[in-house]
Amino acid sequence: MRPSLSQLKNTLTGILSENVVLVEAYRELTLEVPMAQLSATMQCLRDNPDLSFDALIDVAGVDYEEFTGRDPDALRFAVVYHLLSTRHNWRLRVRAFVENEEEPAAPSMAPLWPSADWMERECFDMFGIAFDGHPDLRRILTDYGFTGYPFRKDFPLSGHIEMRYDPEQKQVVYEPVTIEPRDNVPRIVREPHYGDSTPMPLPPSEPKV
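Fair warning: this is a prediction, and the values are worked out from it, not measured in the lab.

Moving on, we get to the overall build of the protein. The helix and strand tally for the protein stands at three helices and nine strands. Of the regular secondary structure in the protein, the N- to C-terminal order runs α-β-β-α-β-β-β-β-α-β-β-β. The long-range share in the protein, meaning contacts at least 24 apart out of those at least 6 apart in sequence, stands at 49%. A total of about 14,300 Å² of accessible surface is found on the protein, and carbon and sulfur atoms cover 53% of it.

Moving on: helix H3 (residues 116-127). The terminal C-alpha atoms of H3, which comprises twelve residues, lie 16 Å apart, in line with the 16 Å expected from a rise of 1.5 Å per residue. Within H3, nine of the twelve residues are buried, which leaves the element mostly enclosed by the surrounding structure. Taken together, the buried positions of H3 are Ala116, Met119, Glu120, Arg121, Cys123, Phe124, Asp125, Met126 and Phe127. In the stretch just after H3, Gly128 is the one whose phi turns positive, near 75°.

Next up on the list: the confidence of the model for the protein. Per-residue pLDDT for the protein averages 85, and the proportion of residues at 70 or more is 85%. This stretch, residues 198-209, has a pLDDT under 50; its non-local contacts, to residues over four places away or in other chains, come to two contacts.

Looking now at the side chain of Ser85. Following the sequence through the fold, Ser85 ends up in strand E4 (residues 77-85). Overall, Ser85 belongs to the buried group, its relative accessible area being 0%. Ignoring any residue separated from it by four or fewer positions in sequence, one finds Ser85 in contact with Leu51, Ser52, Phe53, Asp54 and Trp90.

What follows deals with the packing of aromatic side chains. Applying the stated criterion across every chain yields a total of four aromatic pairs. Measuring from centroid to centroid gives 5.3 Å for Tyr64 and Phe67, while their planes differ by 80°, and the two rings are edge-to-face. Through successive ring pairs, a cluster of aromatic residues spans Tyr64, Phe67 and Phe97.

Calculation notes
Residues numbered from 1 in each chain as written. Predicted model: local features only at pLDDT ≥ 70, side-chain atom pairs only at ≥ 80, totals over all residues. Heavy atoms only, no water. Helix = DSSP H or I, 4+ residues; strand = E, 2+ residues; numbered from the N terminus. Contact = heavy atoms within 4.5 Å. Areas by Shrake-Rupley, 256 points an atom, 1.4 Å probe, with all protein chains shown as cover. Expected span 1.5 Å × (residues − 1). Buried < 20%, exposed > 50% of the residue type's maximum accessible area, 1.4 Å probe, protein only. pLDDT = per-residue confidence, 0-100. Phe/Tyr/Trp six-rings, centres within 6.5 Å; stacked < 30°, edge-to-face > 60°.

Structure, rendered in structure tokens:
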């Protein structure tokens, strides 16, 4: 572990409660926090002078429905935050799992970091995760009449509806999608022994004249 990463881990362990979990992988730290303690933990990460995570770089949703090796009873959705401390030159990933799969929600971080505004709107638009306390939570990438959440694993590749301009009605209309479901994975044809570690012998060269 790098000295700075070890120092960050020791500092987090000394400041935060026992209910949070630190996971180290790929020379990065992930702080796993229960959703009920997320707001208080994030405020501490920002305001504690020994941590000073003054910048929120990214907010993302994760759908673990088809995650390899996942426990079927495990929570499906999580919200992931990427923080930066410009004072200490530290980076930290924070992950909190959403407890209600039917109505996923998390507290908004916009009051702590204004940069969370549009990123939480994108997470809401793509995953359907609501952020309590957000100043203006609405779709940001899809149309306001869009149905569903495109980044969920159960969302069809062809979508649910089609949008087109109707010249007779002189307006945009929404209709059920007419594209037939199909497998878009191409069939790949390779030569025998493709990818083997042992190189194939070269064909004999023609005799020189």
